[in-house]
Amino acid sequence: MSRTVTDTDPEPPPGDDAAFLGQPRGLLTLSGLEVWERFSFLGMQAILVLYFADTVAHGGLGMDPGTAASVSAAYGTLVYLVSVAGGWLADRILGSYRAVLWGGILIACGHYSMAVPTATMTWVGLGLISAGTGLLKPNVASMVGKLYRTDDERRDAGFALYYMGINIGAFAGPLITAWLGDHKGWHWGFSAAAVGMTFGLIQYVAGRRHLAGRKDAAEYRLPQAALRRTLRLMAAGAVVVAALAVALVAAGWLTMDRFVDVLTVISVIAPVVYFVVMFRSPRVTAEERGRLRPYLVLFVASVAFNFILFQAYSTMMLLASTNAETTILGFHFPAGWYASALGAFEVALAPVVAGVWARMGPRQPHASNKIALGVILGGLSFLLMVLPTSGHADDSYRMAAWWIVGSYLLLGLGDVLLETSGMSATTKLAPQAFASQTMSLWFLSLALANGIQAQTVKLYGEVSNPAYFGVNGAIAVAVGLAVIALAPWLRRTMHPVH
């Protein structure tokens, strides 16, 4: 592969390095994009499972709760599986800046499609959003990493601020979309998500001059002949896959349940194949290969935590809609607003965590211990739900709102600890030739978490709620404790991660 790096690529103005709360000015541009991307994505996600489970008479799709949660998780699986292609396209064809731009455009088109009140346009919209998020997510996180030198101690604090920006959108999105879905109809909520993504694109383009590492071409661009051949193969592959899918649907083989199962299988195979490719690649040095081994542990930790986290928008939403109070001091609120509690806690906690790490400097805990604590907190958030769901004769009970809110508090703190440290460590451990694609590998852990969730949530409503939340929570806690036990080895092998 040839590497194309031009000396004339524009760099940020000299005064940008500490222009945003002591961080590079480009962090504000990328965080602003993620505010609106998360506003649209999680705003839609907060009502998606409720839309699937609502009756057709009320504008929903009439799925049973377990199926609704499974399909919602399968959509998440598809989103993060596509991120592999997104990282590769950025590295080899588009470049990070243009990959993020086109990804945002596809996401916006997808949300506008979902605003059309037909089931067909819902599936079209989800497909477009999956493709767009796969382009945007791995590459925008990689662009944040390019704002810092590898040994810059501001990196973890910068990722914490970036993650706070993400969660401003995660807080605001469900407030708007859930209210519209509850009062006007589900597709009104999807319309709000479309407008939010449009705002994100506008501010991203307006702030592009502040982005370090913005290239007019891909950093590892394919040679021209290979590029033409690749584009032809991609077009032919897309046609073949589409034709095969249509044929299988027409024959009655490709049902929704089988499609979910296929995505789960792919979510297991894809990271295995990707790790093998990176370990065997001649473009990966022996030193870089050594850093990939501890990354396997972080990958498993991410899967365990995000398996819990993503259920904040599936089983926890279903539980809130049927068994949690939605009235406080006489004020009724949509069940989807519970999802905003998670974003609110992360907005509040991210700057606190960033401040603590900045104050501690080199004395802060090792990244592996931060990640392990995050996984444990995620498990505890599910174990907490065993208490209010136990001891009821039937499913007609209503728990106090504070149980859901308390669970989201634990989950939010765990998310801040794990995701910021995990993404930061990934940008440090990434082999140079797989920079954007290694971020894709981190998102493949999210695909695997969703793939496992797509099967597990089928048990929701089939087994008791205390058993469901208790077993899943206990498994996450056990994984976190295992990472702590491996801490001495991880500290030795994760250089330059501290």
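Whatever comes next refers back to the structure up there.
## What to know about the packing of helix H8 (residues 256-280) against helix H9 (residues 286-309)
Closest axis-to-axis distance for the H8/H9 pair is 10 Å, and the angle between their directions is 165 degrees. When the axis of H8 is compared with that of H9, the two are roughly antiparallel. You can see that H8 and H9 cross each other, and the crossing is right-handed. In this structure, H8 uses Pro271, Phe275, Met278 and Phe279 to contact H9, whose residues at the interface are Arg289, Leu292, Arg293, Tyr295, Leu296 and Phe299. Its residues assigned to classes, the contact of H8 with H9 shows 8 nonpolar, no polar and 2 charged.

## Structural notes on the nonpolar core
Counting 96 residues, the largest nonpolar core has Met44, Leu48, Tyr338, Ile404 and Tyr408 as its most contacted members. Residues contacting methionine 44, with those up to four places away along its chain left out, are Phe39, Tyr75, His111, Met114, Leu126, Ile129, Thr177, Phe190 and Ala193.

## A word on the pattern of salt bridges
Applying the stated criterion to the full structure yields 3 salt bridges. Notably, a salt bridge pairs glutamate 37 with arginine 38, separated by 2.7 Å at the nearest N-O pair. Note on glutamate 37: relative accessible area 0%, which makes it buried.

## Section: a nonpolar patch on the surface
On the surface, a nonpolar cluster with roughly 400 Å² of combined accessible area is contributed by Val265, Val268, Ile269, Val273 and Val277. Relative to the helices and strands, valine 268 is located in helix H8. Using a relative accessible area of 43% as the deciding quantity, one classes valine 268 as partly exposed.

## Some remarks on helix H12 (residues 367-384)
With 18 residues, H12 extends 26 Å from end C-alpha to end C-alpha; this agrees with the ideal 26 Å at 1.5 Å per step. Judged by how many residues are buried, H12 sits mostly within the fold: 13 of 18 residues are covered.

## Some points on H9
Compared with the 34 Å implied by 1.5 Å per residue over 24 residues, the 35 Å span of H9 between its first and last C-alpha is a close match. At proline 294, H9 shows its largest bend, some 30 degrees. Among the 24 residues in H9, 17 count as buried, and that is most of the element.

## Considering the side chain of asparagine 472
Relative to the helices and strands, asparagine 472 is located in helix H16 (residues 465-485). Under the relative-accessibility criterion, asparagine 472 is labelled buried at 9%. Looking at asparagine 472, its side chain comes within polar contact range of the main-chain oxygen of tyrosine 468, at 3.1 Å. For asparagine 472, the contacting residues outside a window of four places in its chain are Phe307, Ile308, Gln311, Phe382 and Thr456.

Here is what the cut-offs are and how they apply
Residues numbered from 1 in each chain as written. Predicted model: local features only at pLDDT ≥ 70, side-chain atom pairs only at ≥ 80, totals over all residues. Heavy atoms only, no water. Axes fitted to C-alpha atoms, helices over the stretch in contact; angles between N-to-C directions. Helix = DSSP H or I, 4+ residues; strand = E, 2+ residues; numbered from the N terminus. Parallel < 35°, antiparallel > 145°, perpendicular 65-115°, else oblique. Left-handed = near helix turned anticlockwise from the far one by under 90°. Contact = heavy atoms within 4.5 Å. Nonpolar A, V, L, I, M, F, W, Y, C, P; charged D, E, K, R; others polar. Core = buried A, V, L, I, M, F, W, Y, C linked by side-chain atoms within 4.5 Å. Buried < 20%, exposed > 50% of the residue type's maximum accessible area, 1.4 Å probe, protein only. Salt bridge = Lys/Arg side-chain N within 4 Å of Asp/Glu carboxyl O. Patch = residues over 30% accessible without salt bridge, like charges linked within 9 Å, V, L, I, M, F, W, Y side chains within 5 Å. Areas by Shrake-Rupley, 256 points an atom, 1.4 Å probe, with all protein chains shown as cover. Expected span 1.5 Å × (residues − 1). Bend = angle between axes of the 7 residues up to and from the residue. Polar contact = N/O pair within 3.5 Å; in protein donor to acceptor, adjacent residues only side chain to side chain.

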